[in-house]
Amino acid sequence: MSDQEILARAKDRAEIGQRLEAMFAPEDEALKFAIQSAQEHDMPAIQISPLQGKLLQLLAAACGARRILEIGALAGYSGIWLARALPADGKLISLEVSEKHAEVTRASLAKAGVADRAEVRVGAGSELLPALEGEPPFDLVFIDADKPGYPVYLDWALKLTRPGSIIVADNCIRGGAPLRENPPDESTRALGEYDRRVASDPRLLSIALPLDEDGLDGFAISVVRG
Ligand code: DHB
Ligand code: MG
(Lines give C-alpha, C1' and ligand atoms only; values in the text may rest on other atoms or scores of the structure.)
(Ligands and ions follow the chains in the order given, each with its own letter.)
Protein backbone atom coordinates (compact mmCIF):
# COMPACT_ATOMS: atom_id res chain seq x y z
CA MET A 1 0.00 0.00 0.00
CA SER A 2 1.30 3.46 -0.82
CA ASP A 3 1.69 6.10 1.88
CA GLN A 4 -1.16 7.98 0.22
CA GLU A 5 -3.47 4.94 0.47
CA ILE A 6 -2.50 4.39 4.11
CA LEU A 7 -3.37 8.02 4.89
CA ALA A 8 -6.66 7.82 2.99
CA ARG A 9 -7.64 4.71 4.98
CA ALA A 10 -6.70 6.33 8.29
CA LYS A 11 -8.90 9.29 7.34
CA ASP A 12 -11.78 6.94 6.44
CA ARG A 13 -11.38 5.11 9.76
CA ALA A 14 -11.47 8.39 11.68
CA GLU A 15 -14.59 9.56 9.84
CA ILE A 16 -16.34 6.19 10.30
CA GLY A 17 -15.48 6.30 14.02
CA GLN A 18 -16.96 9.78 14.36
CA ARG A 19 -20.14 8.81 12.50
CA LEU A 20 -20.56 5.60 14.55
CA GLU A 21 -20.07 7.58 17.76
CA ALA A 22 -22.65 10.17 16.74
CA MET A 23 -25.12 7.43 15.72
CA PHE A 24 -24.67 4.88 18.52
CA ALA A 25 -22.97 6.58 21.46
CA PRO A 26 -23.60 10.33 21.61
CA GLU A 27 -22.33 11.90 24.84
CA ASP A 28 -24.83 13.81 26.95
CA GLU A 29 -24.06 16.59 29.45
CA ALA A 30 -23.11 14.17 32.23
CA LEU A 31 -20.57 12.26 30.13
CA LYS A 32 -19.08 15.55 28.91
CA PHE A 33 -19.01 16.75 32.52
CA ALA A 34 -16.99 13.66 33.57
CA ILE A 35 -14.37 14.37 30.90
CA GLN A 36 -14.25 18.07 31.73
CA SER A 37 -13.97 17.37 35.47
CA ALA A 38 -11.03 15.05 34.83
CA GLN A 39 -9.29 17.86 32.94
CA GLU A 40 -10.03 20.42 35.63
CA HIS A 41 -8.61 18.12 38.31
CA ASP A 42 -5.42 17.41 36.34
CA MET A 43 -6.38 13.81 35.81
CA PRO A 44 -5.13 11.96 32.71
CA ALA A 45 -7.48 11.81 29.68
CA ILE A 46 -7.43 8.02 29.54
CA GLN A 47 -11.14 7.27 29.79
CA ILE A 48 -12.68 4.69 27.46
CA SER A 49 -14.17 5.86 24.15
CA PRO A 50 -17.92 6.47 23.72
CA LEU A 51 -18.27 3.28 21.64
CA GLN A 52 -16.48 1.32 24.36
CA GLY A 53 -18.91 2.80 26.90
CA LYS A 54 -21.84 1.73 24.73
CA LEU A 55 -20.35 -1.76 24.41
CA LEU A 56 -20.12 -2.01 28.22
CA GLN A 57 -23.80 -1.04 28.42
CA LEU A 58 -24.72 -3.61 25.81
CA LEU A 59 -22.81 -6.35 27.62
CA ALA A 60 -24.47 -5.41 30.91
CA ALA A 61 -27.89 -5.58 29.27
CA ALA A 62 -27.02 -8.89 27.57
CA CYS A 63 -26.32 -10.59 30.93
CA GLY A 64 -29.26 -8.88 32.67
CA ALA A 65 -26.86 -7.13 35.02
CA ARG A 66 -28.26 -6.02 38.38
CA ARG A 67 -24.89 -5.85 40.15
CA ILE A 68 -21.78 -4.44 38.49
CA LEU A 69 -18.27 -4.14 39.91
CA GLU A 70 -15.82 -1.63 38.48
CA ILE A 71 -12.15 -1.81 39.50
CA GLY A 72 -10.65 1.65 38.80
CA ALA A 73 -13.10 4.57 38.55
CA LEU A 74 -10.92 7.45 37.22
CA ALA A 75 -13.47 10.31 36.81
CA GLY A 76 -16.63 8.24 36.50
CA TYR A 77 -16.95 8.23 32.72
CA SER A 78 -17.20 4.43 32.37
CA GLY A 79 -19.19 4.32 35.61
CA ILE A 80 -21.91 6.47 34.04
CA TRP A 81 -22.19 4.15 31.03
CA LEU A 82 -22.34 1.11 33.33
CA ALA A 83 -24.76 2.52 35.91
CA ARG A 84 -27.15 3.57 33.15
CA ALA A 85 -27.44 -0.08 32.09
CA LEU A 86 -28.79 -1.01 35.54
CA PRO A 87 -32.43 -1.23 36.62
CA ALA A 88 -33.52 1.31 39.26
CA ASP A 89 -32.79 -1.17 42.07
CA GLY A 90 -29.47 -2.29 40.55
CA LYS A 91 -26.06 -1.50 41.98
CA LEU A 92 -22.69 -0.38 40.67
CA ILE A 93 -19.79 -0.65 43.11
CA SER A 94 -16.78 1.23 41.84
CA LEU A 95 -13.40 0.76 43.56
CA GLU A 96 -10.92 3.62 43.41
CA VAL A 97 -7.56 4.02 45.11
CA SER A 98 -7.48 7.84 44.96
CA GLU A 99 -9.77 9.87 47.24
CA LYS A 100 -9.64 12.77 44.79
CA HIS A 101 -10.62 10.58 41.83
CA ALA A 102 -13.40 9.05 43.93
CA GLU A 103 -14.84 12.51 44.69
CA VAL A 104 -14.79 13.47 41.01
CA THR A 105 -16.43 10.13 40.18
CA ARG A 106 -19.20 10.68 42.74
CA ALA A 107 -19.93 14.10 41.26
CA SER A 108 -20.07 12.62 37.74
CA LEU A 109 -22.44 9.85 38.81
CA ALA A 110 -24.67 12.40 40.58
CA LYS A 111 -24.70 14.62 37.50
CA ALA A 112 -25.80 11.57 35.47
CA GLY A 113 -28.70 10.93 37.85
CA VAL A 114 -27.46 7.50 38.93
CA ALA A 115 -26.08 8.30 42.40
CA ASP A 116 -28.91 6.18 43.86
CA ARG A 117 -27.51 3.02 42.28
CA ALA A 118 -23.77 3.73 42.39
CA GLU A 119 -21.31 3.51 45.27
CA VAL A 120 -17.65 4.51 45.10
CA ARG A 121 -15.40 2.77 47.64
CA VAL A 122 -11.95 4.22 48.27
CA GLY A 123 -8.92 2.08 48.97
CA ALA A 124 -6.52 -0.47 47.58
CA GLY A 125 -7.97 -3.43 45.73
CA SER A 126 -6.21 -5.75 48.17
CA GLU A 127 -8.37 -4.29 50.98
CA LEU A 128 -11.64 -3.68 49.17
CA LEU A 129 -11.95 -6.86 47.09
CA PRO A 130 -11.87 -9.37 50.01
CA ALA A 131 -14.68 -7.36 51.65
CA LEU A 132 -16.94 -8.19 48.68
CA GLU A 133 -16.74 -11.94 49.20
CA GLY A 134 -19.77 -12.00 51.50
CA GLU A 135 -21.96 -10.13 48.98
CA PRO A 136 -24.09 -11.62 46.17
CA PRO A 137 -22.12 -12.31 42.95
CA PHE A 138 -21.59 -9.62 40.35
CA ASP A 139 -23.12 -9.97 36.89
CA LEU A 140 -20.42 -7.87 35.25
CA VAL A 141 -16.91 -6.88 36.35
CA PHE A 142 -15.01 -4.12 34.53
CA ILE A 143 -11.27 -3.94 35.19
CA ASP A 144 -9.57 -0.64 34.29
CA ALA A 145 -7.04 0.02 37.07
CA ASP A 146 -3.28 -0.30 37.67
CA LYS A 147 -1.96 -2.70 35.06
CA PRO A 148 0.39 -4.80 37.25
CA GLY A 149 -2.68 -5.71 39.31
CA TYR A 150 -4.64 -7.25 36.41
CA PRO A 151 -3.82 -10.94 37.11
CA VAL A 152 -4.90 -10.55 40.76
CA TYR A 153 -8.03 -8.65 39.67
CA LEU A 154 -8.84 -11.56 37.37
CA ASP A 155 -8.56 -13.97 40.32
CA TRP A 156 -11.01 -11.77 42.24
CA ALA A 157 -13.35 -11.37 39.26
CA LEU A 158 -13.55 -15.18 39.01
CA LYS A 159 -14.31 -15.43 42.74
CA LEU A 160 -16.95 -12.69 42.72
CA THR A 161 -18.97 -13.73 39.64
CA ARG A 162 -21.37 -16.55 38.64
CA PRO A 163 -21.78 -18.65 35.49
CA GLY A 164 -23.06 -16.28 32.80
CA SER A 165 -21.34 -13.22 34.28
CA ILE A 166 -19.15 -11.09 32.02
CA ILE A 167 -15.62 -9.90 32.83
CA VAL A 168 -14.21 -7.02 30.76
CA ALA A 169 -10.70 -5.57 31.02
CA ASP A 170 -9.47 -2.40 29.31
CA ASN A 171 -6.03 -1.94 27.74
CA CYS A 172 -5.42 -5.61 26.99
CA ILE A 173 -3.81 -4.92 23.60
CA ARG A 174 -1.80 -1.76 24.33
CA GLY A 175 -0.06 -1.40 20.98
CA GLY A 176 0.56 -5.17 20.74
CA ALA A 177 3.36 -5.38 23.32
CA PRO A 178 1.47 -7.65 25.76
CA LEU A 179 0.92 -10.13 22.91
CA ARG A 180 4.65 -10.41 22.11
CA GLU A 181 7.43 -12.25 23.92
CA ASN A 182 9.86 -10.42 26.24
CA PRO A 183 7.62 -7.71 27.76
CA PRO A 184 9.58 -4.52 28.44
CA ASP A 185 8.05 -3.77 31.85
CA GLU A 186 5.85 -5.13 34.61
CA SER A 187 2.62 -3.55 33.30
CA THR A 188 3.08 -5.13 29.88
CA ARG A 189 3.99 -8.48 31.43
CA ALA A 190 0.88 -8.43 33.62
CA LEU A 191 -1.40 -7.52 30.68
CA GLY A 192 0.13 -10.35 28.64
CA GLU A 193 -0.50 -12.76 31.52
CA TYR A 194 -4.11 -11.55 31.72
CA ASP A 195 -4.60 -12.09 27.97
CA ARG A 196 -3.05 -15.58 27.99
CA ARG A 197 -5.05 -16.62 31.02
CA VAL A 198 -8.45 -15.49 29.74
CA ALA A 199 -7.65 -17.01 26.33
CA SER A 200 -6.90 -20.45 27.80
CA ASP A 201 -8.84 -20.77 31.08
CA PRO A 202 -11.54 -23.43 30.56
CA ARG A 203 -13.83 -21.50 32.95
CA LEU A 204 -13.97 -18.60 30.49
CA LEU A 205 -15.04 -17.93 26.91
CA SER A 206 -12.98 -14.91 25.83
CA ILE A 207 -11.94 -12.56 23.08
CA ALA A 208 -9.77 -9.44 22.89
CA LEU A 209 -10.81 -6.80 20.39
CA PRO A 210 -9.08 -3.65 19.13
CA LEU A 211 -11.64 -0.92 19.87
CA ASP A 212 -9.93 2.44 20.00
CA GLU A 213 -9.63 4.97 17.16
CA ASP A 214 -6.44 3.52 15.71
CA GLY A 215 -7.07 -0.16 16.48
CA LEU A 216 -4.11 -0.38 18.85
CA ASP A 217 -5.90 -1.02 22.14
CA GLY A 218 -9.16 -2.46 23.35
CA PHE A 219 -11.03 -4.77 25.71
CA ALA A 220 -10.59 -8.39 26.64
CA ILE A 221 -14.15 -9.71 27.09
CA SER A 222 -14.87 -12.98 28.89
CA VAL A 223 -18.04 -14.86 29.73
CA VAL A 224 -17.90 -17.07 32.83
CA ARG A 225 -18.99 -20.53 31.71
CA GLY A 226 -21.52 -22.63 33.59
C1 DHB B 1 -3.35 4.22 31.05
C2 DHB B 1 -4.32 3.58 31.78
C3 DHB B 1 -5.52 3.24 31.19
O4 DHB B 1 -6.49 2.60 31.86
C5 DHB B 1 -5.76 3.59 29.87
O6 DHB B 1 -6.97 3.25 29.33
C7 DHB B 1 -4.79 4.22 29.12
C8 DHB B 1 -3.57 4.54 29.72
C9 DHB B 1 -2.08 4.57 31.72
O10 DHB B 1 -1.94 4.29 32.90
O11 DHB B 1 -1.22 5.14 31.07
MG1 MG C 1 -8.04 2.01 30.59
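For the structure itself, look to the data block above.
All of the points below concern the structure found in this document. As the structure is a prediction and not an experimental result, all values here were calculated from the model. (Residues numbered from 1 in each chain as written. Chains lettered and ligands numbered in written order. Predicted model: local features only at pLDDT ≥ 70, side-chain atom pairs only at ≥ 80, totals over all residues. Heavy atoms only, no water.)

Once that is clear, we can look at the pairing of strand β4 (residues 138–143). Counting buried residues along β4, 6 of its 6 residues qualify, which places the element largely inside the surrounding structure. With 4 bridges connecting them, strand β1 (residues 67–71) and β4 associate as parallel partners. Pairing of I68 across the sheet is with L140, part of β4. Relative to strand β5 (residues 161–169), β4 is paired through 5 bridges, and the arrangement is parallel. By the bridge assignment, L140 is partnered in β5 with I166. The handedness of the β4 to β5 crossover, carried by helix α7 (residues 150–159), is right-handed. (Buried < 20%, exposed > 50% of the residue type's maximum accessible area, 1.4 Å probe, protein only. Helix = DSSP H or I, 4+ residues; strand = E, 2+ residues; numbered from the N terminus. Pairing = 2+ DSSP bridges. Right-handed = clockwise from strand over helix to strand, strands pointing away.)

Ligation of the magnesium ion (ligand 2) by protein atoms is provided by D144 (OD), D170 (OD) and N171 (OD1), these donors lying 2.0 to 2.2 Å from the ion. The sequence motif formed by the donor residues of the magnesium ion (ligand 2) is D-x25-D-N. With respect to burial, D170 and N171 carry one shared label: buried. (Donors = N, O, S within 2.8 Å, 3.2 Å for Na, K, Ca; no water.)

Once that is clear, we can look at the layout of surface pockets. The gaps of empty space that remain are located by a probe, the size of a water molecule, rolled over the atoms. In this structure, the largest pocket spans a volume of roughly 640 Å³. The wall of the largest pocket is formed by 32 residues, among which I46, D144, A145, K147 and N171 lie closest to the centre. Elements that contribute at least two residues to the lining of the largest pocket include exactly α3 (50–62), α4 (77–83) and β2 (91–96). Residue classes in the lining of the largest pocket are distributed as 12 nonpolar, 10 polar and 10 charged. In this structure, the second largest pocket spans a volume of roughly 310 Å³. If you go around the second largest pocket, you meet 16 residues; those closest to its centre are G17, L51, L211, D212 and E213. Within the residue set of the lining of the second largest pocket, elements represented by two or more residues are α1 (3–24) and α3. (1 Å grid on protein atoms, 1.4 Å probe; cavity = no way out; pocket = protein on both sides within 12 Å on 5 of 7 lines; lining within 4 Å. Points joined across faces, edges and corners; volume = space filled by probe spheres on them. Nonpolar A, V, L, I, M, F, W, Y, C, P; charged D, E, K, R; others polar.)

As far as function goes, none of this settles anything; it's purely spatial.
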